[in-house]
Amino acid sequence: MDYCALSYHRPEPLVCQGEVRARLDAWDGRRRLLGDLVFQAPAVLQFVEVEAVRRSWLGRDQALYAVTVCNRSSLPLDRVTVTGAGAVLTGTVRLNGLPQPEADPALGVEIPGLDAGAEAVVTWQGPLPNEGGGEPPVTAAYEYRFGGDTLRGEVRA
């Protein structure tokens, strides 16, 4: 059993019309840069919003786990790695329903890219969680490009 979710809305960057004011407070080595910037033309602001949702279905002797990574950003993600999960039954990992025989969430399952507004689902089967111990944490680390730089972030499911 696999869980899939689709998104039909691609987030667009924010476009600010009129006069836009921004305050700059950044470091360049040991030098701190301060400034009040005023833009008279339309300003385009990209945004990054990534969410990871974990679900589990408990059976009699094993459990099915799913992590859905949602890219609600206006930028595509170049790479996403879902890591965590504890013990995994061999050969049960799937990415968007497709078998990933060599993948192991404990070591990280890589999603090669995730477009703006898209979702990806990683599923696996494993033993039932220990009573009182809860499920181990799962994280989704992601990379994206902006202004010629590769930036990174992480969310917990």
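Our subject is the structure listed above.
This one's a predicted model, so the numbers in the text were calculated from it and none came from an experiment.

Peer 1: Just to check I follow, could you spell out unusual backbone geometry for this structure?
Peer 2: Peptide bonds are, in most cases, trans, and in most cases residues other than glycine have a negative phi. Located in the positive-phi region is Asn96, a residue other than glycine, with phi close to 50°. Along the chain, Asn96 turns up in the loop between β8 (94–95) and β9 (98–99).

Peer 1: Could you clarify how one ought to interpret the sheet that holds strand β10 (residues 109–111) in this entry?
Peer 2: Hydrogen bonds between backbone atoms are what pair the strands of a sheet, whose relative direction is either parallel or antiparallel. Taken in spatial order, the four strands of this open sheet run β10-β7-β12-β13, and their pairing is antiparallel. The open sheet has two edge strands, β10 and β13 (149–156), and neither has a second partner. Each strand axis lies, on average, 20° off the axis of its neighbour in the sheet, ignoring direction. Bridging between strand β7 (residues 79–84) and β10 involves three bridges; their strand directions are antiparallel. The residue bridging Val80 from the neighbouring strand is Ile111, located in β10.

Peer 1: Just checking my understanding: could you explain the sheet that holds β9 for this structure?
Peer 2: Taking strand neighbours across the sheet as the criterion, the five strands line up as β5-β6-β11-β8-β9 in an open arrangement whose pairing is antiparallel. Two strands bound the open sheet, and with one partner strand each, they are β5 (50–58) and β9. When β8 meets strand β11 (residues 119–126), the two strands line up antiparallel, connected through two bridges. Paired with Leu95 across the bridge in β11 is Val122.

Peer 1: Help me understand the environment of Val88, please; the structure alone is not making it clear to me.
Peer 2: Residue placement: Val88 occurs in the loop between β7 and β8. Each C-alpha atom, one on Val88 and one on Pro105, is 7.5 Å from the other, the two residues being 17 residues apart in sequence. For Val88, the contacting residues outside a window of four places in its chain are Val93, Asp104, Pro105, Trp124, Gln125 and Gly126.

Peer 1: Explain the packing of aromatic side chains here, please?
Peer 2: For any two aromatic rings, the description comes down to two numbers: the centre-to-centre distance and the angle of the planes. Counted according to the given criterion, the structure contains two aromatic pairs. An angle of 25° between the planes, with centres 5.8 Å apart, marks the rings of Tyr65 and Trp124 as stacked. Of this pair, Tyr65 sits in strand β6 (residues 63–71) while Trp124 sits in strand β11, placing them 59 residues apart in sequence. Its relative accessible area of 4% is what places Tyr65 among the buried residues. The buried category is assigned to Trp124, whose relative accessible area is 0%. Measuring from ring centre to ring centre gives 6.1 Å for Tyr142 and Tyr144, while their planes differ by 25°; the resulting arrangement is stacked. The exposure class assigned to Tyr142 is buried, which follows from its relative accessible area of 10%.

Definitions and limits used
- Residues numbered from 1 in each chain as written.
- Predicted model: local features only at pLDDT ≥ 70, side-chain atom pairs only at ≥ 80, totals over all residues.
- Heavy atoms only, no water.
- Helix = DSSP H or I, 4+ residues; strand = E, 2+ residues; numbered from the N terminus.
- Pairing = 2+ DSSP bridges.
- Axes fitted to C-alpha atoms, helices over the stretch in contact; angles between N-to-C directions.
- Contact = heavy atoms within 4.5 Å.
- Phe/Tyr/Trp six-rings, centres within 6.5 Å; stacked < 30°, edge-to-face > 60°.
- Buried < 20%, exposed > 50% of the residue type's maximum accessible area, 1.4 Å probe, protein only.

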